[in-house]
Amino acid sequence: MTDTSIYLDHNASTPVLPEVLAAMLPYLREHFGNPTSGHAFGRRARAAVELARAQVAMLVGAAPDQLIFCSGGTEANNLAIRGVMSVRGDRRHLVTSVAEHPATAAPCTWLEGQGVAVTRVGLGADGQVREDELVAAIGDDTALVTLIHAHNETGVILAAAAAARLAHARGAWIHLDAAQSVGKHPVEVAALGVDLLSIAGHKLGAAKGVGALYVGPCVTLAPLLLGANHERGLRPGTENVASIVGLGVACEVARRELGERIARFLGQRERLWRALAEAVPGLRRHGEPASCLANTLHLRFPGVSGEQLLARAPELAASTGSACHAGHGQAPAVLLAMGVAEHEARGALRLSLGPGTSEQDIDGAALALARAWRSLTM
């Protein structure tokens, strides 16, 4: 990496915000107490954890006692999905989609091996879950509907409230993987009508290795791990105080700046789209712009692969898909599910902006990609 590198891969991970780092450091040094200890060191740590819980809760419109801290989005998804299926023995059916993040898809596949029936609904050409298939899939035996809120590759935002109404009408609970949406898009658990919602700290300016799960008031879960009674008995183990403090501050900053962030992202995203569309004939974008994350531009370049394109633009840090998907070089599964031909889907590129993205970054990225595309096709 050089000083001129342009980072447009914020959907993979974000830099730790300066405010977050400053808040974390005291809990890595002098405030090192165990939050379960009764002395002053422990009480200070416990107070910091509970303040962070309130900060996270405020961002998503939850009560503080409805938030469970854990190690990140993957653990939160597993706790939600496997935890629900462990307690709803009368309902042995799970509904998800064909284009979930591996942190959701893998536990669903594992449960399938344990005898749970799993239905995977398809996507439309716009990247939305097909409502007709969702209606048909949810039955009286369905325990849980688990869907990604904002797709990690395309940025398409699920019509979550409608999905929640369909689930509740049949007595099922609904879980949203909101790793990509929290901090980039308004997320209010009551407005969405969700029962469980996963949060990943490193997607919104906190450290890696910390996250949270919202658990609604009517939901019961079985823990994945066995141990002491931390986090309401759902996540045993001494709390990662410094990282939890950082997550709380990241959520507080996001709550304060969300409107400004979205407006800036939208302007930058459309500026980038216009520059590239003018320079690359036949360029396509995925998802309706108004129904995608403001920071995400998912494109399909004609006649090249996304990997070839990035190799010719070394000054740009971007992605051909999710950083967590195996099988690099393959056509993105989400585009195949949207009906894009495999040879065309290989030209996909995800450009995702962050709070630190500048106009210079936007113009530099457009120039680098246009130059790379011309070098490969002309």
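The structure we're discussing is the one just above.
A brief structural summary. (Residues numbered from 1 in each chain as written. Predicted model: local features only at pLDDT ≥ 70, side-chain atom pairs only at ≥ 80, totals over all residues. Heavy atoms only, no water.)

Overview of the pattern of salt bridges
So, point 1. For the structure shown, the criterion picks out 21 salt bridges.
So, point 2. One salt bridge connects E112 with R120, and the closest N-O pair in it is separated by 2.9 Å.
So, point 3. Assessed through its relative accessible area of 33%, R120 is described here as partly exposed.
So, point 4. Taken together, the salt bridges that share partners define one network made up of R46, E50, R53, E231 and E239. (Salt bridge = Lys/Arg side-chain N within 4 Å of Asp/Glu carboxyl O. Buried < 20%, exposed > 50% of the residue type's maximum accessible area, 1.4 Å probe, protein only.)

Notes on the sheet that holds strand 8 (residues 211-215)
So, point 1. Pairing is mixed across the open sheet formed by 7 strands, whose spatial order is 2-8-7-6-5-3-4. Edge positions in the open sheet fall to strand 2 (67-70) and strand 4 (117-121), since each of these has one partner strand only. The sheet shows a mean angle of 20° between the axes of neighbouring strands, direction not considered.
So, point 2. Looking at chain direction, strand 2 and strand 8 are connected through 4 bridges and run antiparallel. (Pairing = 2+ DSSP bridges. Helix = DSSP H or I, 4+ residues; strand = E, 2+ residues; numbered from the N terminus. Axes fitted to C-alpha atoms, helices over the stretch in contact; angles between N-to-C directions.)

Quick look at the side chain of T104
So, point 1. As for its placement among the helices and strands, T104 is situated in helix 4 (residues 102-113).
So, point 2. Residues contacting T104, with those up to four places away along its chain left out, are N77, I81, T96, T146 and D177. (Contact = heavy atoms within 4.5 Å.)

Re the sheet that holds strand 10 (residues 296-300)
So, point 1. Read from one edge of the open sheet, 3 strands run 9-10-12, paired in antiparallel fashion. Unpaired on one side and paired on the other, strand 9 (284-285) and strand 12 (348-352) mark the two borders of the sheet.
So, point 2. Where strand 9 and strand 10 come together, 2 bridges link them in antiparallel fashion. If you follow R284 over to strand 10, its bridge partner there is R300.
So, point 3. In the packing of helix 8 (residues 241-279) onto the sheet, contacts are made with strand 9, strand 10 and strand 12, and the angle to strand 10 comes to roughly 20°.

Quick look at the environment of L134
So, point 1. Tracing the sequence through the fold places L134 in helix 5 (residues 131-137).
So, point 2. The buried category is assigned to L134, whose relative accessible area is 4%.
So, point 3. If near-sequence neighbours (up to four positions away) are discounted, L134 is found in contact with V95, V121, V129, V145, A163 and L166.

Topic: the environment of P35
So, point 1. Tracing the backbone through its elements, the reader meets P35 in the loop between helix 1 (18-24) and helix 2 (40-60).
So, point 2. Excluding its chain neighbours within four sequence positions, the residues that come into contact with P35 are G42, A45, R46, V49, T238, E239 and V241.

Topic: helix 4
So, point 1. Along its 12 residues, helix 4 runs 16 Å from first to last C-alpha, staying within 8% of the 16 Å computed at 1.5 Å per residue.
So, point 2. Among the residues making up helix 4, those that are buried are A103, T104, P107, C108 and L111. Take helix 4 and look down its axis: the buried residues cluster within an arc of 125°, on one side only.
So, point 3. Close packing links the buried residues of helix 4 with helix 3 (73-87), strand 3 (93-97), strand 4, strand 5 (142-148) and strand 6 (173-177).
So, point 4. Of the residues flanking the end of helix 4, it is G115, one or two places downstream, whose phi is positive at about 100°. (Expected span 1.5 Å × (residues − 1). Arc of directions from axis to C-beta.)

Quick look at the packing of helix 2 against helix 8
So, point 1. In the contact formed by helix 2 and helix 8, the axes pass within 8 Å of each other and the chain directions differ by 30°. For the element pair helix 2 and helix 8, the recorded crossing hand is left-handed. Contacts from A45, A48, V49, A52, Q55, V56, M58 and L59 in helix 2 reach V241, I244, V245, L247, G248, V249, C251, E252, A254 and R255 in helix 8.
So, point 2. For the contact of helix 2 with helix 8, the residue count by class is 14 nonpolar, 2 polar and 2 charged. (Left-handed = near helix turned anticlockwise from the far one by under 90°. Nonpolar A, V, L, I, M, F, W, Y, C, P; charged D, E, K, R; others polar.)

A look at the nonpolar core
So, point 1. V182, L197, I199, L204 and L247 are the most contacted members of the largest nonpolar core, which has 65 residues in total.
So, point 2. Counting residues per element, this core draws most heavily on helix 8, which supplies 10 residues.
So, point 3. Residues within four places of I199 in sequence aside, it is in contact with V56, V60, L67, G72, G73, V182, L204, G211 and A212.
So, point 4. Within the second largest apolar cluster, 30 residues are counted, among which are I262, A294, L310 and L351. (Core = buried A, V, L, I, M, F, W, Y, C linked by side-chain atoms within 4.5 Å.)

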